[in-house]
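Understanding the architecture of this molecule
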Amino acid sequence: MKQIKVFACIVLIVALLSGCSFRLASSVNDLISAVAPFGDNADVKNALDSFLPNGYILKNPSSGDYITSYNFYDLDSDSKDEAVAFYESNDNLGTVCMAIIKELDGKWQVVSNVKGYGDDAYRLDFADVNNDRKPEILVCWNTISNSNSHYFVAYNLKFSNEKISVKRIGNDEIYLNNYIVVDFNQTGKNDILMFEINSGTKTSAKAELYSISKNDFVLKGETKLDSRVISYRNINVEKAEGDVRVYADAIGSDGDSIRTEVIYWSNMYRSIVSPFYSYSTGRTTGTSRGCLVNSVDINDDDRIEIPTDASMNKLPKGIKALDWVVYDKTVLVHRCYSLYSTADKYNIVIPDKIYKNISVSYDAEKKEMTVSNKKTKNTVFSVMPVLKAVYNEAEYTDYTVILDQSGYYYLARTGNDKSIKISTDELKKLIKVS
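Residues numbered from 1 in each chain as written. Predicted model: local features only at pLDDT ≥ 70, side-chain atom pairs only at ≥ 80, totals over all residues. Heavy atoms only, no water.

**With respect to the packing of aromatic side chains**
- Per the stated rule, a full pass over the model turns up 22 aromatic pairs.
- Aromatic pair Tyr73 and Phe126: ring centres 4.5 Å apart, planes at 15°, arrangement stacked. Of this pair, Tyr73 sits in strand S2 (residues 71-73) while Phe126 sits in strand S6 (residues 120-127), and the two are 53 residues apart along the sequence.
- Assessed through its relative accessible area of 27%, Tyr73 is described here as partly exposed.
- Joined through ring pairs, the aromatic side chains of Phe86, Tyr117, Trp141, Tyr151 and Tyr175 make up one cluster.
- Geometry around Tyr179 places Arg123 over its ring, the cationic atom sitting 3.9 Å from the centre. (Phe/Tyr/Trp six-rings, centres within 6.5 Å; stacked < 30°, edge-to-face > 60°. Helix = DSSP H or I, 4+ residues; strand = E, 2+ residues; numbered from the N terminus. Buried < 20%, exposed > 50% of the residue type's maximum accessible area, 1.4 Å probe, protein only. Lys NZ or Arg CZ within 6 Å of the ring centre and 35° of its normal.)

Quick look at the structure:
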């Protein structure tokens, strides 16, 4: 039985790494199912096969929300999705193209084909950025392999009969690391906030806000950012205190740390500003941590909290203490603490009232984090993840499953300390998987 479970685990890993695509997978169990195209995907594949009879290789975008081989979106507002796919044709190796595939009279057909830039597609998005109430296609192309800068192109769509005409917006070359579509002024009109890193002739990282007018990009504002970063990830928009803010987690140059850039529109300066960046030092302060943990609503209060390094004595290797803060009226305000397992990628939120009274140990072999009462040395609780493919309930009779996510059961057991008590039901609310 154990050999079968190990084999299932191997099959799961191969499926996850294979790049095979399907329209929706609601759980890891679904991923173990056959990954050959089916349903709409099979019909869409047949359309691309007919369009490229000499063969092709599909190219999945590697970042963003649309990372499958066929990405579906209603481009022409007819309540029916079209499909967008990137491919390298056997007739033109080294060049990646973008195909738009639409269902016409019950049959999927390629209705537009666009030659790309470079050898791969990094990111795909759909958003109305020229404010014509219709979505544009946004693509980051990889022109240099393994580069952190990508060639950004926005495509405007025109619909005529059964064809979709695709026209590039603007002519300037735009290289960026990442971006987000945002309406800072809350007018219903979107802009594009672009993030650039320190590379080539650039001496600092920066963010630039662009609007689109008369089929061209117009710079509305810019701000410098901390240059000690290699990429921006997990970019989110928050509406709070009457403002719109962008939180961009920037991975440090060491690859093991993150600082968060907070950006908003200032009516006073008529530009975007980054309140924690100092133009005198060239550094962003107060929002960093020495582990790869994203900003997120950690305590379910509908606000984005920023994790920062917290102090705790004698933390074991593999466990980090974090102080989660919220941007509130120009300052950072403490919200909660957490313990983060760097190997297992999960947080346990620790109530403020017990934070100073606990100690932590970690069994690297079992992957078990144990929290104890610092004075009595009694266990308060312990948590560990177990791969579902090899989980055997009989081996963990003392544990309770507090979370089922991403192919793992997260198990917990509580101790018998009299002064610090946390139940497994409470732990179900306190555990957060990144």
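Back to the write-up after that little detour.
**Here's the deal with unusual backbone geometry**
- Look at Ser79: it is not a glycine, yet its phi comes out positive at around 70°.
- If you trace the backbone, Ser79 turns up in the loop between S2 and strand S3 (82-89).
- Although it is not a glycine, Arg270 sits at a positive phi angle of roughly 55°.
- The exposed category is assigned to Arg270, whose relative accessible area is 55%.

**Points about the pattern of salt bridges**
- Applying the stated criterion across every chain, the model contains 24 salt bridges.
- A salt bridge links Arg245 to Glu241; the shortest N-O distance between them is 2.3 Å.
- Linking Lys388 and Asp404 is a salt bridge whose minimum nitrogen-to-oxygen distance equals 3.2 Å. Here Asp404 lies in strand S29 (residues 400-405) and Lys388 lies in the loop between strand S28 (379-387) and S29, a separation of 16 residues in the sequence. (Salt bridge = Lys/Arg side-chain N within 4 Å of Asp/Glu carboxyl O.)

**Considerations on the sheet that holds strand S22 (residues 305-309)**
- What the five strands build is an open sheet, ordered S22-S23-S24-S25-S31; its pairing is antiparallel. Two strands bound the open sheet, and with one partner strand each, they are S22 and strand S31 (431-433). Direction aside, the axes of adjacent strands within the sheet are offset by 40° on average.
- Relative to strand S23 (residues 319-328), S22 is paired through five bridges, and the arrangement is antiparallel. Across the sheet, the residue bridging to Glu305 is Val326, located in S23. (Pairing = 2+ DSSP bridges. Axes fitted to C-alpha atoms, helices over the stretch in contact; angles between N-to-C directions.)

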